[in-house]
Amino acid sequence: VITYLEWLSKKRPNSKGILQEYLFGEVVITSVWWNGEEPLLWWLLFEDKKYRAKGVGINTGCEISLVVPSTSPPDWLPAEKWISFLRDNKLVGGEYDINMMLTKNGAYFLEFGPRFGWDMDVTYLPLLIERAYFEGLGNALLEMARESTGTLLLIDGVALSVRLSV
């Protein structure tokens, strides 16, 4: 990193920027299941990313995940911009997320990416299994990947998982 910064300072001597700014707030991961045309389902994920309980250990995955499903995005999320981005770039059906830091000054974007197979997925799957459309969860995921339209039905409630390690 230092070599790159030295090269960058020679290449652009008058440029200014902040490498990192510490933000105080809560990280909220907002995920959308996208069918290639429209959002099917939104998830809010709140995590404690420490490996062990009570803030001990390195940051990995999560120790505790609280997943809240919704058929509409949260008010503070610039959802129309996100949907436009997905449509304009013709992104295929799948799960996409934005990690954000919510602070007293607003929401800050941290990262964006396609996802499936992370801690949150295992946590929320019980909310879909019994009432997934197209007669089963596997078929629902397949139809979504094929960019079918439809509605994912949810069991009411939230999902919580706790990772135990010894």
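Residues numbered from 1 in each chain as written. Predicted model: local features only at pLDDT ≥ 70, side-chain atom pairs only at ≥ 80, totals over all residues. Heavy atoms only, no water.

1. Re unusual backbone geometry
For step 1, the next point in the chain: Backbone geometry places Lys 90, a non-glycine residue, at a positive phi of 50°.
For step 2, the next point in the chain: Tracing the sequence through the fold places Lys 90 in the loop between helix 2 (79–88) and strand 4 (94–103).
For step 3, the next point in the chain: Taking relative accessible area as the criterion, Lys 90 reaches 68% and is therefore assigned exposed. (Helix = DSSP H or I, 4+ residues; strand = E, 2+ residues; numbered from the N terminus. Buried < 20%, exposed > 50% of the residue type's maximum accessible area, 1.4 Å probe, protein only.)

2. Description of the confidence of the model for the protein chain
For step 1, the next point in the chain: For the protein chain, the average pLDDT comes to 76, and 69% of its residues sit at 70 or higher.
For step 2, the next point in the chain: In the model of the protein chain, helix 4 (residues 137–145) stands out as the element of lowest mean pLDDT, 66, in contrast to helix 2, which has the highest, 90. (pLDDT = per-residue confidence, 0-100.)

3. Some points on the pairing of strand 4
For step 1, the next point in the chain: The element strand 4 is largely enclosed, with a buried count of nine among its ten residues.
For step 2, the next point in the chain: Judged from the nine bridges that link them, strand 1 (residues 26–34) and strand 4 form a sheet pairing that is antiparallel. Bridge assignment links Ile 29 to a residue of strand 4, and that residue is Asn 99.
For step 3, the next point in the chain: Where strand 4 lies against strand 5 (residues 106–115), nine bridges are found, and the strand directions are antiparallel. Following the sheet pairing, Met 101 is matched in strand 5 by Tyr 108.
For step 4, the next point in the chain: The turn joining strand 4 and strand 5, which pair antiparallel and follow one another in sequence, is formed by two residues. (Pairing = 2+ DSSP bridges.)

4. So, the side chain of Asn 99
For step 1, the next point in the chain: Following the sequence through the fold, Asn 99 ends up in strand 4.
For step 2, the next point in the chain: Looking at Asn 99, its side chain comes within polar contact range of the side chain of Glu 111, at 2.5 Å.
For step 3, the next point in the chain: Beyond its immediate stretch of four places on either side in the chain, Asn 99 contacts Val 28, Ile 29, Tyr 108, Phe 109, Leu 110, Glu 111 and Arg 115. (Polar contact = N/O pair within 3.5 Å; in protein donor to acceptor, adjacent residues only side chain to side chain. Contact = heavy atoms within 4.5 Å.)

5. What about the packing of aromatic side chains?
For step 1, the next point in the chain: By the definition in use, this model includes four aromatic pairs.
For step 2, the next point in the chain: Measuring from ring centre to ring centre gives 5.4 Å for Phe 85 and Phe 112, while their planes differ by 85°; the resulting arrangement is edge-to-face. Separated by 27 residues along the polypeptide, Phe 85 in helix 2 and Phe 112 in strand 5 bring together distant segments of the chain.
For step 3, the next point in the chain: Residue classification places Phe 112 among the partly exposed positions, given a relative accessible area of 30%.
For step 4, the next point in the chain: Measuring from ring centre to ring centre gives 6.2 Å for Tyr 96 and Phe 112, while their planes differ by 5°; the resulting arrangement is stacked. Taken together, the residues span a long stretch of sequence, with Tyr 96 in strand 4 and Phe 112 in strand 5 at a distance of 16 residues.
For step 5, the next point in the chain: For Tyr 96, a relative accessible area of 6% gives the class buried.
For step 6, the next point in the chain: Members of the aromatic cluster, each reached through a chain of ring pairs, are Phe 85, Tyr 96 and Phe 112. (Phe/Tyr/Trp six-rings, centres within 6.5 Å; stacked < 30°, edge-to-face > 60°.)

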